[in-house]
Each structure stands twice: as C-alpha cells, then as structure tokens.
Amino acid sequence: MTTKQSIYGLPLESLRQLLIEQGCSKFSGDQVYNWIYKCGVFDPLLWSNVSKKAKQYLLDNFNLELPVITWQARSTDGTRKFLVGFEDKQTVETVAIPAKDRLTLCISSQVGCAIGCTFCHTGTMGLKRHLQAGEIVGQYLAVQKWLKEKSDSDKRISNIVYMGQGEPLHNYEPVKAATQVFLEAKGLGIGQRKITLSTSGLVPQIEKLWDFPPVNIAISLHAAHNDIRTELMPINKVYDLERLFEAIAKVPLKAHRRITYEYLLIANINDGERDLQGLYKLLDREHSKVNLIPFNEYPDSEFKQPSQQKVQWFQDQLIANGYVCTTRTSRGDDILAACGQLKSEMDKENLWD
Ligand code: SF4
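Predicted model, so just to flag it, every value in this text is computed and none were measured. (Residues numbered from 1 in each chain as written. Predicted model: local features only at pLDDT ≥ 70, side-chain atom pairs only at ≥ 80, totals over all residues. Heavy atoms only, no water.)

Caption draft 1: How the structure looks around the confidence of the model for the chain. Per-residue pLDDT for the chain averages 90, and the proportion of residues at 70 or more is 92%. Confidence scores differ between elements of the chain, with helix 10 (residues 253-256) showing the lowest mean pLDDT of 58 and helix 11 (residues 273-282) the highest of 98. Note that pLDDT drops below 50 for residues 344-353; the model gives that stretch 27 contacts with residues more than four away or on any other chain. (pLDDT = per-residue confidence, 0-100. Helix = DSSP H or I, 4+ residues; strand = E, 2+ residues; numbered from the N terminus. Contact = heavy atoms within 4.5 Å.)

Below, the structure is given as structure tokens:
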C-alpha cells in the first residue's frame, strides 16, 4: 500500500510551487489542474501538454488513484448514496442529491465521528480516522466520474455540503485545503455560496473561521436550552450555548453573510413553545436562517419524528416572529441517506474488485 499523499488535496498554488521548484515551467501546475478538474482525465499518460519531467515528479511523489466506489444505491426520489473506499479499505458514505437546478454532494470529512450526538447513526461508530484533503476532494471526483460513466445523467455536481460523516471542523486543515481546491476557478470553480460548512459547535475552530474561505456556515443547533442540547449533543457539556454564541458573534459575517441554524425537530423533545422562546432569545433575526429538519428515524433510534402539523406550526411561529425559516424535505430516507442516518455498513455487498 502506498503512503504517498493524494494529489487531489493540493491547492493550485502549492502544486505550482512544487513543480517550479522541480525546474518545470510555471504553467505546469495550471496544466495539470486543467486535466484533472476541468477535463476529468486522471491518467498522466494522457496529459499531452504536460512535460515528462512534471509527470514523472508527480508519479514518484503523489498518489494519483481516485477513491473507489464500492457500493451505491438509488432512492426512489433520485438521491444516490455511495460507499467510497480508500487505500486502507476504510469507507465513508457520500450522498448525491439532485434538484431541478442543482446537484448537491453531501461529503464526509472523517471516518466515523467523535462527537457522539445521540440522535445520529454516524455518531454510534465513534471516530476511526480523519480524512486527508485528497480523500475529501476524491469523493467529489469519484462520484462525478461514476455518474458520468454509469448513470443516465451528465449533470455536474454544483453544490457541496459538509454534512456527511464527521465533524468538519475537527479535521480543520484538510477540510480547509479541500475547500480551496473546490473553489479554485482554474479547477472545479464551485462558488463560495454553493459550499456549506456545517459544524456541531467546536468553539475554538469557530473562532478560527476568519482564516477559512468565506463559504456558507451552518451550525447544528438542535436545541435552544442547555439541558436539552446536552442530552442531544454531548459537545454542549464542553461548549455550551453561551460559549457557542460568543464564538459565533466573532465569525466575520460580511464574508459569511447569514448563518444557517440547523434544527432537528424531535417529537416531544425540542418542538414546543419553550423551545421557540429560547430560539427567539438566541438568534438575531437579521443574520440568521433556521432550517428545520424533521427527525429521520433509523433502525433502533430512540427518537421519533413530529407530525407534519407540528413541524408546520413550529415553522409558522418562527416566520411570524421575523425569522427566515425553511423545512428541509427529507431525501433518500428509504436508503438511509438522509441527515443523521449515514453510517458505513460493512455488511453491504463488497465491490472492491
Ligand atoms: S450529527 Fe454530525 S457531529 Fe453529530 S455525531 Fe453525527 S456526524 Fe458527528
């Protein structure tokens, strides 16, 4: 097994510098980027305008293999869940969610997750390891290639949400490097407003966000009172709501515009009047957007989804009180691809070969 770093996590400027240091032309990095990200050609032998020297250096020093799609399933609503495998045979789930005007990829940042939210299927796995930047970008490239070759749609993935397995800010530097690769205009060129970084509330890393590319920020809030939030998200014992909102106040909003607050609505846990009153106190109307997510039940989950009427009532109250509030339609729940349901299941048919 090679231990070389994957080439796919390298921001353009780093690749340029490396190749210039090897005595290659100053255009070499841009040419390689163009082949990989614009043309989707991953075999260096086919990079006709790249010098032999540059290709040999990259082959000797980097891993150019894409991650492998080891399994996939399609939901009746068109959502596709992929099991993406890496060199050490660890796998993560990546979900492609089509809509009329876009194709969103829900990407994983870790194998498993250390945060242990009690409502989350992934949280039951614990953290196995962080993903490298190249493994994060590799999910995009492998899924895009699979869709092009094996599905009837040639739609390009247009949006990225870091809402798959893992807490992205717990793997800060690789997620930052991967985001730089996604944003690079000479490569994939995905717009800042089409990428969403979601966090459970890691305060020290939220305080560092001035240093992160200015993409959309989503905070998994899920409760407006410390007692309930601690029950749902053990991280609240370390960084409670007061500390979380002190950190959020420091996020440079000019760049990050409105912050989205993800709020998982769970029957009889956080869907009542007291919860609404708490939200009114916590959230500033001008810079907040609330995204309600009715809880997706999974096998053995202890929580229940509220009725549709209850969800509608909760949303109506927030809107009546001056908030921008949407309810996320659940996608792919028949294949356990919906939010909080992701978990690498090892008993799936193994397609490694
Ligand atoms: S909800 Fe997110 S942060 Fe919480 S355990 Fe699941 S993957 Fe980790």
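After that view of the structure, there is still more to cover.
Caption draft 2: Spotlight on the site of the ligand. What surrounds the ligand is the set Cys113, Ile115, Gly116, Cys117, Phe119, Cys120, Gly123, Gly166 and Ser200. Split by residue class, the shell around the ligand holds five nonpolar, four polar and no charged. (Near = heavy atom within 4 Å. Nonpolar A, V, L, I, M, F, W, Y, C, P; charged D, E, K, R; others polar.)

Caption draft 3: Geometry of the domain arrangement of the chain. As far as domains go, the chain holds domain 1 (5-63) and domain 2 (68-335). Spacing between the C-alpha centres of domain 1 and domain 2 amounts to 32 Å. Between domain 1 and domain 2, the contact holds 15 residues from the first and 15 residues from the second. Where domain 1 abuts domain 2, roughly 1,200 Å² becomes buried across the two surfaces, and 66% of that area is made up of carbon and sulfur atoms. Its largest share of buried area at the contact with domain 2, domain 1 owes to Tyr8, Tyr37 and Phe42, together 35% of the area lost on that side. At the boundary of domain 1 with domain 2, the tally comes to one salt bridge. If you look at where domain 1 meets domain 2, you find three residue pairs in polar contact (both at pLDDT 80 or more). Examining the composition of the side of domain 1 that touches domain 2, we find that six residues originate from one element, helix 2 (residues 28-38), more than from any other. Residues belonging to the side of domain 1 that touches domain 2 are distributed by class as follows: eight nonpolar, four polar and three charged. (Domains from an automatic or database assignment. Buried area = accessible area lost by both parts, 1.4 Å probe. Salt bridge = Lys/Arg side-chain N within 4 Å of Asp/Glu carboxyl O. Polar contact = N/O pair within 3.5 Å; in protein donor to acceptor, adjacent residues only side chain to side chain.)

Caption draft 4: Structural view of the packing of aromatic side chains. With the rule as written, the count across this model stands at eleven aromatic pairs. Judged by centre distance (4.6 Å) and plane angle (50°), the ring pair of Tyr33 and Tyr37 falls under tilted. Of this pair, Tyr33 and Tyr37 both sit in helix 2, four residues apart, which is roughly one turn of the helix. Ring geometry for Trp313 versus Phe314: centroids 6.3 Å apart, planes at 70°, classification edge-to-face. Through pairs of rings, three or more aromatic residues link up here, namely Tyr263, Trp313 and Phe314. (Phe/Tyr/Trp six-rings, centres within 6.5 Å; stacked < 30°, edge-to-face > 60°.)

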